[in-house]
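Chain by chain, the residues:
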Amino acid sequence: MGAITKAVIPAAGRGTRFLPATKAQPKEMLPIVDTPTIQYVVEEAVACGITDILIITGKDKRSIEDHFDRSIELEMCLEKGNRQQVVKDLRRISEMANIHYVRQAEQKGLGDAILHARYHVDNEPFVVLLGDAVVYSEGRPCIGQLVDCFDKVGGPVIGLEKVPKEKVSRYGIMDGQKIGPRTFVLSDLVEKPSIEEAPSAYAVGGRYLLTPDIFKYLETTKPGKNGEIQLTDALRRQLGERPVFGYQYEGLRYDIGNRLDYLMTQVEFGLRREDLKGPFLAYLKRKLKAG
Ligand code: G1P
């Protein structure tokens, strides 16, 4: 099997859960410490051998394109101020991968967004990383774990995360059978079920390795939960016709679309930064002591 080199990053959602911050900027550009969320996502893909990235954008998402492009004026200005290292760091962002864009004209759901990648990915397996979620992993990055699993099982792999029962209604939830360490073969997938309906506590965790036959299911998938064309529903049809696998990845997922999670994400990433950890931790300790 050839190496997987293509990734699709859907970033066309409206971000209404994070207003007013997302009124005039995409949620994917919200920073975690000093880096936009989508840059962490691109870096995860690049670290796993992805060289070609298609970002699905939409209205008001221009700043994503600007971020991954070079800014010659800014570089000149920084060079004049002798800030060569900053220039180097900025240039690296625009040279990380071949990044392409396609716009989703109407926000019809994640399934429809992925369908926009059809002609770009052509006939190869590809990975999908949701642009509003970062997965932090000390070892092999999340999407690489899915690639490794695909190399063993040879079929689509959905990244899974175990969630508390009371949170199942926020996610796609799977039913399936464990066939190896962290590995499942799926028998069902339900988008955002109630606690009573949820077949398990294993959620679809924002990372997928898909095969190109998914497009034929997406093409004919009708709007589902919340009136949107759901990727989960297309996968559900696919798993009825061929084995689809799940892999419970190692790593912590940070969903930036939720206010409290976003605050906690800032704290955790801040504490992981060598340049900030000392003074930030001292500040937090003082704050906690003061109550
Ligand atoms: C999407 C998917 C859902 C998945 C979730 C988190 O939902 O539809 O199946 O569990 O991402 O990865 P959204 O959060 O975009 O509503």
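In what follows, the structure referred to is the one given above.
Residues numbered from 1 in each chain as written. Predicted model: local features only at pLDDT ≥ 70, side-chain atom pairs only at ≥ 80, totals over all residues. Heavy atoms only, no water.

J.: Tell me about the packing of helix H3 (residues 72-80) against helix H4 (residues 84-95), and name the residues and values.
T.: Look at H3 against H4: their axes get within 8 Å of each other, and the N-to-C directions meet at 160 degrees. Taken together, H3 and H4 sit at an angle that is classed as roughly antiparallel. The residues of H4 that touch H3, namely those facing Leu74, Glu75, Leu78 and Glu79, are Gln84, Val86, Val87, Leu90 and Arg91. The class makeup of the residues in the contact of H3 with H4 is 5 nonpolar, 1 polar and 3 charged. (Axes fitted to C-alpha atoms, helices over the stretch in contact; angles between N-to-C directions. Helix = DSSP H or I, 4+ residues; strand = E, 2+ residues; numbered from the N terminus. Parallel < 35°, antiparallel > 145°, perpendicular 65-115°, else oblique. Contact = heavy atoms within 4.5 Å. Nonpolar A, V, L, I, M, F, W, Y, C, P; charged D, E, K, R; others polar.)

J.: Break down the environment of Arg242 for me, with residues and values.
T.: The topology assignment puts Arg242 in the loop between helix H9 (231-239) and strand S12 (245-248). Taking relative accessible area as the criterion, Arg242 reaches 25% and is therefore assigned partly exposed. Among residues more than four places away in sequence, those in contact with Arg242 are Gly154, Gly155, Pro156, Thr211 and Asp213. A distance of 3.1 Å separates polar atoms of two side chains, one belonging to Arg242 and the other to Asp213. (Buried < 20%, exposed > 50% of the residue type's maximum accessible area, 1.4 Å probe, protein only. Polar contact = N/O pair within 3.5 Å; in protein donor to acceptor, adjacent residues only side chain to side chain.)

J.: Requested: an account of unusual backbone geometry, with residues and values cited.
T.: For the peptide bond that leads from Leu19 to Pro20, omega is 5 degrees, which places it in the cis range. Its place among the elements puts Pro20 in the loop between strand S1 (6-10) and strand S2 (31-32). At Val33, a residue that is not glycine, the phi angle is positive and equals roughly 60 degrees. As for its placement among the helices and strands, Val33 is situated in the loop between S2 and strand S3 (35-36). Phi is positive for Asp122, close to 60 degrees, though the residue is something other than glycine. Along the chain, Asp122 turns up in the loop between helix H6 (118-121) and strand S6 (126-129).

J.: Could you give me a rundown of the state of the cysteines, with the residues and numbers involved?
T.: Scanning all chains against the criterion turns up 0 disulfides. Note on Cys142: no disulfide assigned, nearest cysteine sulfur contributed by Cys48 at a separation of 8.3 Å. On the basis of relative accessible area, Cys142 is assigned to the buried category, the value being 0%. (Disulfide = S-S within 2.5 Å.)

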